[in-house]
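# Chains, contacts and geometry: an overview
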Amino acid sequence: MGSRTRISHGVPLAPMTTLGLGGLASVLVDLQDSADFPEFVELARACPGDPVCLGSGSNVLVSDLGCDSPVLRLNNRGLRIGPRDTDGRVLVEVQAGHLLTDLVETAIAEGLSGMEMLVGIPGTVGATPIQNVGAYGQEVSDTLVEVRAWDWALGRHVTLGARECGLGHRNSVIKRSRRWTLLSLVFALYRSALSTPVTYRAVADVLGVRVGGRVPLAEAADAVFTVRRRKGMVIGCSETDRRSVGSVFLSPEVSPADAERLRARDAPVSSFPDGSTRVSASWLIQQAGFELNSTIVDGVRISSLHYTLVADEGASAAAFRDAIEIVLQRVLRCSGVRLTPEIDFLGTWRPAGGLGAPV
Ligand SMILES: Cc1cc2nc3c(=O)[nH]c(=O)nc-3n(C[C@H](O)[C@H](O)[C@H](O)COP(=O)(O)OP(=O)(O)OC[C@H]3O[C@@H](n4cnc5c(N)ncnc54)[C@H](O)[C@@H]3O)c2cc1C
């Protein structure tokens, strides 16, 4: 392996995730430079199971039994601001292990618009297309041009255009497929001192502008950050609700008739660029009678700031999974809507309840 690549055996994965749960990785490879990636391919071929990629671990639940497949941790960082495309947008090439927060900060400092609303979202840039990361009116699908990846099915490097990534609402063809390892990505951003239109009422209220208004990039980002902090959706902003994966569930899609009915009940119903209309999963959890800060199972409770699950001292991955099932079943009973987990279940899991057997 390249001199900067580290291979370790029997490594605890919990500290590498924001939930702080899960067992050991049989083999963990820390990759600092994508030029060394072919050597990981050789190693992975000699190991059992499909290789698993881990970014910042902010959207995964690792099994207590750990992970027998080789785990690749991408730490390749760096970005290059390049030429303009035919639409006049500035192309930015970013290494997969670069942090999204650092990319957003650079874009704002460089006067590049299109990512300012993604401020405060934890994780690596390489993970962003996996679930088409988005918040407050912007999604990665708005700016992604292409990804450069290793295709484990074809056994070679490939370039996938944004369209081929099949980006939908918190979804893509890459999600949970284990077929591709993303190594670098290209985004196209507009040179502009102003943000894209502010589409969320809560953000517009903090800014004191009308919905649809545009404001300086840094002001938009500050306002989004303020709204996110209130909900505990910024890592480290709350001492008590620290161990989180953000939203555990996807916001379910609703029909136009149901959307109308739900809006009449003041439910947060939003339309997304993939054409879907969705009701907030947090609202459904609240409507099912769960209270903020209430314990679901030992070590797992509803956050004190937002209707999502967080882990405390004494939690296990199995308990967190049980809590997911309890929330899912009660929401189903109360509203007839089946929630789907947004997060990825990594490692070896015993078959369990209604969630189906994760990989
Ligand atoms: C407090 C908090 C707030 C959040 N807010 C938001 C939000 O507003 N919007 C939003 O969309 N998400 C949000 N998230 C979820 C999370 O931040 C994103 O999903 C993020 O993209 C995950 O990045 P990561 O590097 O931590 O990925 P990980 O959690 O390490 O991995 C997530 C998935 O991507 C795969 N993966 C990671 N890197 C690669 C790669 N290079 N190639 C192939 N597969 C890869 C993993 O195998 C896994 O399946 C939030 C999470 C937290 C904890």
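Residues numbered from 1 in each chain as written. Predicted model: local features only at pLDDT ≥ 70, side-chain atom pairs only at ≥ 80, totals over all residues. Heavy atoms only, no water.

So, on to the layout of surface pockets. Leftover empty space is mapped by rolling, across the atoms, a probe with the size of a water molecule. Size it by volume and the second largest pocket reaches roughly 190 Å³. Leu262, Arg265, Leu284, Ser335 and Val337 are, among the 15 residues lining the second largest pocket, the residues nearest its centre. Those elements that place two or more of their residues in the lining of the second largest pocket are helix H5 (256-264), helix H6 (281-287) and helix H7 (317-335). Taken together, the residues of the lining of the second largest pocket break down into nine nonpolar, two polar and four charged. (1 Å grid on protein atoms, 1.4 Å probe; cavity = no way out; pocket = protein on both sides within 12 Å on 5 of 7 lines; lining within 4 Å. Points joined across faces, edges and corners; volume = space filled by probe spheres on them. Helix = DSSP H or I, 4+ residues; strand = E, 2+ residues; numbered from the N terminus. Nonpolar A, V, L, I, M, F, W, Y, C, P; charged D, E, K, R; others polar.)

Quick look at the site of the ligand now. In the vicinity of the ligand there are 32 residues, among which Cys53, Gly55, Ser58, Asn59 and Asp344 approach most closely. Interatomic distance of 2.7 Å between a backbone N/O atom of glycine 55 and an oxygen atom of the ligand. Here a nitrogen atom of the ligand sits 2.9 Å away from a polar atom, N or O, in the main chain of leucine 182. Protein contact buries 95% of the 980 Å² of open area that the ligand shows by itself. Among the elements that line the shell around the ligand, the one with the most residues is strand S13 (residues 180-191), at three residues. Split into classes, the residues belonging to the shell around the ligand amount to 15 nonpolar, 13 polar and four charged. (Near = heavy atom within 4 Å. Polar contact = N/O pair within 3.5 Å; in protein donor to acceptor, adjacent residues only side chain to side chain. Areas by Shrake-Rupley, 256 points an atom, 1.4 Å probe, with all protein chains shown as cover.)

Once that is clear, we can look at the domain arrangement of the protein. Interface size is often expressed as the accessible area that is lost when the parts come together. Split by domain assignment, the protein resolves into domain 1 (6-74), domain 2 (79-191) and domain 3 (243-346). Each of domain 2 and domain 3 has a C-alpha centre, and these two points are 26 Å apart. Between domain 2 and domain 3, the contact holds eight residues from the first and 13 residues from the second. In total, about 800 Å² of surface goes out of reach between domain 2 and domain 3, with carbon and sulfur atoms giving 44% of it. Sorting the residues of domain 2 by area buried against domain 3 places His169, Arg176 and Arg178 first, and these three jointly supply 61% of that buried surface. Counting the contacts that link domain 2 with domain 3 gives two salt bridges. Between aspartate 344 and arginine 178 there is a salt bridge, with the nearest N and O atoms lying 3.0 Å from each other. Across the contact surface, domain 2 and domain 3 share seven residue pairs in polar contact (both at pLDDT 80 or more). Classifying every residue of the side of domain 2 that touches domain 3 by side-chain character gives no nonpolar, three polar and five charged. (Domains from an automatic or database assignment. Contact = heavy atoms within 4.5 Å. Buried area = accessible area lost by both parts, 1.4 Å probe. Salt bridge = Lys/Arg side-chain N within 4 Å of Asp/Glu carboxyl O.)

Inspection of helix H2 (residues 100-109) places Leu100, Leu103, Val104 and Ala107 among the buried residues, and these make up the whole buried set. Down the axis, H2 shows its buried residues gathered within 100° of arc, on one side only. Residues of H2 that are exposed and point more than 90 degrees away from the buried face comprise Glu105 and Ala109. Packing partners of the buried residues in H2 comprise strand S6 (79-84), strand S7 (90-95), strand S8 (112-113), S13 and helix H4 (217-230). Of the residues flanking the end of H2, it is glycine 111, one or two places downstream, whose phi is positive at about 70°. (Buried < 20%, exposed > 50% of the residue type's maximum accessible area, 1.4 Å probe, protein only. Arc of directions from axis to C-beta.)

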